[in-house]
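Chain and residue survey
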Amino acid sequence: MDHRLCDLVHEQMRANRNQYAPMPGVPELRALLAKKMEAAYGYHYDSDSEITITAGGTQAIFTIITALVHPGDEVITFAPAYDCYAPAVELQGATMKWINLNYPDYRVDWTAVRNQITPRTRMVIINSPHNPTGMCMTAEDMHELQIIAEEYDLLVLSDEVYEHIVFDGGRHESVARYPQLAKRSLVVYSFGKTFHNTGWKMGYVCAPAELTTEVRKVHQYNVFSVNTPVQYALADYMSDAATYSGILEMYEAKRDIFNHALQGSRFGLKPAAGTYFQLLDYSAISNENDIDFAKRLTREYKITGIPCSVFFPDLQDDKVLRFCFAKENDELLRAAEILQSI
Ligand SMILES: Cc1ncc(COP(=O)(O)O)c(C=O)c1O
């Protein structure tokens, strides 16, 4: 990560910005995020009543679900999925309704979504760019989602923590690009993903005022207030848009270095469309299930990929592992060398 940001936090601490921040977050940071959202996606969020700073994306997701999903409700989402959605939903006494996405494209089948809707359906959770597959939603996907959400009066939780990492000239399809959709959506972001400091656990939620009011009722008694000096430092740092717009180029170069170095290996590969995860298909190498294969790579070759089946409730095994390329370039080349030998 950029050490300038560490210096800015240090400066804020020394300037005695060490007491509780306001519950929704420091106004300077929220004002800057409102500007950023409007510039990037054309939607105006009011910084006082529609943006809330959280202790990371995961806390934001938990808080949203706790505030808005109730016993007996149903929530639709797509597998494979980042692992924090289902526990939060189930803890509310609600039910997850899963729709599996299929290798290698992992595209959403919107007819399958319609077929899962019942009078109890409360929310759809989407994640684009998508962990673990790197799939990115298209404008067509967003139109379909908007039609369905309006028709059935659904809330949308849009996990957009990888918003800045969409490759090959594609654009990030935020729900905030679609005003009718944005009116019923809660959008989650993570500074950790953008600035490569996940250990700082900082994020935010953008949502219409009436939804934000509900989210803050839970936030108030759960987290109450998020790290003050880091918020001021982020506001200062992000006043230069190059700090976040520049990350795409870096990750695209890393994806290309890793993928190029894997050419000729026995792993099958479709370049990730977004995120910093690359899936590798090992079906030409082994029939083992993906968990066993991942364990064997770790033990025998000292390299670890995440078996994608663990992101499915039914452990769907497509014989693919997820590798993270948010690493130093020489580490990526060393990893590729090992993978070439398998
Ligand atoms: C899709 C997705 N959403 C949310 C998060 C959580 O973000 P944070 O680290 O800010 O809690 C992650 C982290 O891996 C993620 O991959």
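Calculation notes
Residues numbered from 1 in each chain as written. Predicted model: local features only at pLDDT ≥ 70, side-chain atom pairs only at ≥ 80, totals over all residues. Heavy atoms only, no water. Helix = DSSP H or I, 4+ residues; strand = E, 2+ residues; numbered from the N terminus. Rg over C-alpha atoms; globule rule 2.2 N^0.38 Å. Buried < 20%, exposed > 50% of the residue type's maximum accessible area, 1.4 Å probe, protein only. Contact = heavy atoms within 4.5 Å. Areas by Shrake-Rupley, 256 points an atom, 1.4 Å probe, with all protein chains shown as cover. Lys, Arg positive; Asp, Glu negative; His and termini not counted. Charge placed at Lys NZ, Arg CZ, Asp CG, Glu CD. Pairing = 2+ DSSP bridges. Right-handed = clockwise from strand over helix to strand, strands pointing away. Phe/Tyr/Trp six-rings, centres within 6.5 Å; stacked < 30°, edge-to-face > 60°. Lys NZ or Arg CZ within 6 Å of the ring centre and 35° of its normal.

Looking now at the overall build of the chain. Within the chain, the secondary structure is distributed over 14 helices and 11 strands. The C-alpha atoms of the chain give 20 Å as radius of gyration, which agrees with the globular expectation for 342 residues (20 Å, within 12%). Classification of the 342 residues of the chain by burial places 55% in the buried group. Taking as baseline every contact in the chain between residues at least 6 positions apart, the subset at least 24 positions apart corresponds to 73%. For the chain, the accessible area works out to roughly 14700 Å², and carbon and sulfur atoms hold 50% of it. Positive and negative side-chain charges in the chain, numbering 31 and 44 respectively, have mean positions lying 3 Å apart.

This paragraph deals with the pairing of strand S2 (residues 74–79). S2 sits mainly inside the fold: 6 of its 6 residues count as buried. What you see with S2 is no split at all: Glu74, Ile76 and Phe78 on one side and Val75, Thr77 and Ala79 on the other are buried throughout. The pairing of S2 with strand S3 (residues 95–100) spans 6 bridges and is classified as parallel. When the sheet's bridge partners are listed, alanine 79 is paired in S3 with asparagine 100. Crossover connection from S2 via helix H4 (residues 85–91) to parallel S3: handedness right-handed. Note that S2 and strand S4 (residues 121–127) share 3 bridges and pair parallel. Bridging from a neighbouring strand, glutamate 74 pairs with threonine 121 of S4.

Let us look at the environment of valine 26. Structurally, valine 26 is set in the loop between helix H1 (3–14) and helix H2 (27–41). Of the residues examined, valine 26 reaches a relative accessible area of 0% and is grouped as buried. Taking C-alpha positions, valine 26 is 9.8 Å from aspartate 48, a pair spaced 22 residues apart along the chain.

Attention now moves to the sheet that holds strand S10 (residues 306–307). Here we have 4 strands laid out as an open sheet, ordered S8-S9-S11-S10, and antiparallel in their pairing. Pairing within the sheet leaves two strands with one partner each, and these edge strands are strand S8 (268–269) and S10. In this sheet, strand S11 (residues 320–324) lies alongside S10 in antiparallel orientation, the contact comprising 2 bridges. Within the sheet, the bridge partner assigned to isoleucine 306 lies in S11 and is arginine 322.

Moving on: the packing of aromatic side chains. Following the criterion strictly, the structure yields 16 aromatic pairs and no others. Considering the side-chain rings of tyrosine 103 and tyrosine 106, the 6.1 Å spacing of their centres and the 75 degrees angle between planes classify their relative orientation as edge-to-face. The exposure class of tyrosine 103 is partly exposed, given its relative accessible area of 32%. Centre to centre, the rings of tyrosine 162 and tyrosine 276 are 5.4 Å apart; their planes meet at 85 degrees, and the pair counts as edge-to-face. With a gap of 114 residues between them, tyrosine 162 in the loop between strand S5 (155–159) and helix H7 (179–182) and tyrosine 276 in the loop between S8 and strand S9 (277–281) connect regions that are remote in the sequence. Residue tyrosine 162 is classed as buried on the basis of its relative accessible area, which comes to 2%. The buried category is assigned to tyrosine 276, whose relative accessible area is 6%. Joined through ring pairs, the aromatic side chains of Tyr162, Tyr251, Tyr276 and Phe277 make up one cluster. Sitting over the ring of tyrosine 244, lysine 36 keeps its end group 5.0 Å from the ring centre.

The subject of this paragraph is unusual backbone geometry. Residues alanine 79 and proline 80 are joined by a peptide bond in cis, for which omega reads 5 degrees. The topology assignment puts proline 80 in the loop between S2 and H4. The peptide bond linking tyrosine 103 to proline 104 adopts the cis configuration, its omega dihedral lying at 5 degrees. With respect to the secondary-structure elements, proline 104 resides in the loop between S3 and helix H5 (110–116). Of note, lysine 302 is a non-glycine position whose phi angle comes to about 60 degrees, a positive value. Within the element layout of this structure, lysine 302 appears in the loop between helix H13 (290–301) and S10. With a relative accessible area of 66%, lysine 302 lands in the exposed category.

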